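Each chain, written out:
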Amino acid sequence: VPVSDSSSLCFGKGARGLDRRHCVPSARFDDAMRVATARRVWKGREYAFGVGIILLFGIWLRWPTVQNGFFSDDISALAMAEGAYASPRSKLDLFDFADGTPGDYARLVQAGSLPWWTVSGLRIAMMLPLSSGLILLDRALFGDHAWPCHVHSFLWWIGAMLIAAALLRDLFPPLLAALALFLFALEEGHTLPLGWLANRGTLVAMVFCLAGLRAHLRYRRRGERRQAWVAFACFSIGLLSGEWAFP
């Protein structure tokens, strides 16, 4: 407990009876606190600058994926959204490629969406309403233009990187956190969801999972019960965009 008078500041239960070696002049203590605060602020700015450089590098590295256009499952999801798929689908169920029912199987085989030798009862269906909703949003905003949809995916990647930067800074000193973030930005697994719109759910799930993990750590470390509910909400929302949200 610091105890101060007009000229010095002492630490202990009280200033009386303490050896003067436990006391420092108030002015010197104030100067030391100002220096420590300035160093923390400077380190924070250095880290933020490093995060910005890493983000720019990651965007430059993967920017060519913007030219990928629509392909593979993107075409099927867009057909479902437009009501042109061989078998009708709900607007928020754009990842139900085959539901396994006899009628659905017959329609898909007749249209050529499934080869004739496909085993009857095949089911390829994922419940991803958030990912489906984002495809509908792309369709409403950008129409048949693919490149702005890929830019949309980049925004989710940037969000995931920023949350990762905050999480790593909670765990490590600035230099080590920046190194870990740089290695995370280089991870080749980020390229596929940036270049393949149907796989964007990976990035969306990563955003909410990292946010949930940070909230969980705050709950465990600080005992903030509100953070436990934040973590639960983040992981739950993440599951609406992909199974990658499982911790």
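Residues numbered from 1 in each chain as written. Predicted model: local features only at pLDDT ≥ 70, side-chain atom pairs only at ≥ 80, totals over all residues. Heavy atoms only, no water.

### A closer look at the overall build of the protein
Next up, step 1: On a plain count of helices and strands, the protein comes out with 9 helices and 5 strands.
Next up, step 2: In the protein, which comprises 247 residues, the share counted as buried stands at 34%.
Next up, step 3: In the protein, the proportion of contacts linking residues at least 24 apart, taken out of those at least 6 apart, comes to 59%.
Next up, step 4: Element-wise, carbon and sulfur atoms account for 65% of the exposed surface of the protein, whose accessible area totals about 14,800 Å². (Helix = DSSP H or I, 4+ residues; strand = E, 2+ residues; numbered from the N terminus. Buried < 20%, exposed > 50% of the residue type's maximum accessible area, 1.4 Å probe, protein only. Contact = heavy atoms within 4.5 Å. Areas by Shrake-Rupley, 256 points an atom, 1.4 Å probe, with all protein chains shown as cover.)

### Some thoughts on the side chain of Ser131
Next up, step 1: In this fold, Ser131 is placed in helix H4 (residues 129-142).
Next up, step 2: Ser131 sits in the buried class, given a relative accessible area of 7%.
Next up, step 3: Other than its neighbours up to four places away in sequence, Ser131 contacts Phe95, Gly201, Leu240 and Ser241.

### A short note on unusual backbone geometry
Next up, step 1: The phi angle at Ser72 is positive, at roughly 55°, despite the residue not being glycine.
Next up, step 2: When you line up the elements, Ser72 lands in the loop between helix H1 (26-62) and helix H2 (73-82).
Next up, step 3: A residue is classified by how much of its surface remains accessible, and Ser72, at 44% relative accessible area, is partly exposed.

### Let's talk about the nonpolar core
Next up, step 1: Ranked by size, the top nonpolar core spans 22 residues in total, and within it Tyr47, Val51, Trp157, Met161, Leu181 and Leu210 carry the most contacts.
Next up, step 2: Of all the secondary-structure elements, those providing two or more residues to this core are H1, helix H5 (147-171), helix H6 (174-186) and helix H8 (201-222).
Next up, step 3: Setting aside its immediate chain neighbours within four residues, Met161 contacts Ile54, Leu55, Leu181, Phe184, Ala185 and His190.
Next up, step 4: Counting 16 residues, the second-largest nonpolar core is a separate cluster that includes Ala81, Ala98, Leu108 and Ile135. (Core = buried A, V, L, I, M, F, W, Y, C linked by side-chain atoms within 4.5 Å.)

### Some words on H6
Next up, step 1: For H6, spanning 13 residues, the distance from its first C-alpha to its last is 18 Å, which sits close to the expected 18 Å at 1.5 Å a residue.
Next up, step 2: Among the residues of H6, those classed as buried are Ala177, Ala178, Leu181 and Ala185. Take H6 and look down its axis: the buried residues cluster within an arc of 100°, on one side only. Of the exposed residues in H6, those oriented more than 90 degrees away from the buried face are Leu175 and Leu183. (Expected span 1.5 Å × (residues − 1). Arc of directions from axis to C-beta.)

### Looking at the packing of H5 against H8
Next up, step 1: H8 packs onto H5 with a crossing angle of 20° between their chain directions and a minimal axis gap of 8 Å. Relative to H8, H5 is oriented roughly parallel. Crossing of H5 over H8 shows left-handed handedness. Contacts between H5 and H8 involve Ser153, Trp156, Trp157, Gly159, Ala160, Ile163, Ala164, Ala166, Leu167, Asp170 and Leu171 from the former and Leu203, Val204, Met206, Val207, Phe208, Leu210, Ala211, Leu213, Arg214, Leu217, Arg218 and Arg221 from the latter.
Next up, step 2: Its residues placed into classes, the contact of H5 with H8 shows 17 nonpolar, 2 polar and 4 charged. (Axes fitted to C-alpha atoms, helices over the stretch in contact; angles between N-to-C directions. Parallel < 35°, antiparallel > 145°, perpendicular 65-115°, else oblique. Left-handed = near helix turned anticlockwise from the far one by under 90°. Nonpolar A, V, L, I, M, F, W, Y, C, P; charged D, E, K, R; others polar.)

### Examining the packing of H5 against H6
Next up, step 1: Running from amino to carboxyl end, H5 crosses H6 at an angle of 150°, the nearest separation of the two axes being 9 Å. By the criterion of interaxial angle, the relationship of H5 to H6 is roughly antiparallel. Crossing handedness for the pair H5 and H6: right-handed. From H5, Trp157, Met161, Ala164, Ala165, Leu168 and Arg169 reach across to H6, where they touch Pro174, Ala177, Ala180, Leu181, Phe184 and Ala185.
Next up, step 2: Its residues placed into classes, the contact of H5 with H6 shows 11 nonpolar, no polar and 1 charged.

### Describing the confidence of the model for the protein
Next up, step 1: Chain-level statistics for the protein give a pLDDT mean of 86 and a share of 82% at 70 or above.
Next up, step 2: Across residues 1-6, where pLDDT falls below 50, the model places 14 contacts with residues more than four positions away in sequence or in other chains. (pLDDT = per-residue confidence, 0-100.)

### A few points about the environment of Arg200
Next up, step 1: Along the polypeptide, Arg200 turns up in the loop between helix H7 (191-195) and H8.
Next up, step 2: The exposure class of Arg200 is buried, given its relative accessible area of 3%.
Next up, step 3: For the pair Arg200 and Ser153, spaced 47 residues apart in sequence, the C-alpha separation works out to 6.3 Å.
Next up, step 4: Beyond its immediate chain neighbours, meaning those up to four positions away, Arg200 contacts Leu134, Ile135, Asp138, Cys149, His152, Ser153, Trp156 and Pro193.
Next up, step 5: Here the side chain of Arg200 touches Asp138 through a polar contact of 2.4 Å, side chain to side chain. (Polar contact = N/O pair within 3.5 Å; in protein donor to acceptor, adjacent residues only side chain to side chain.)

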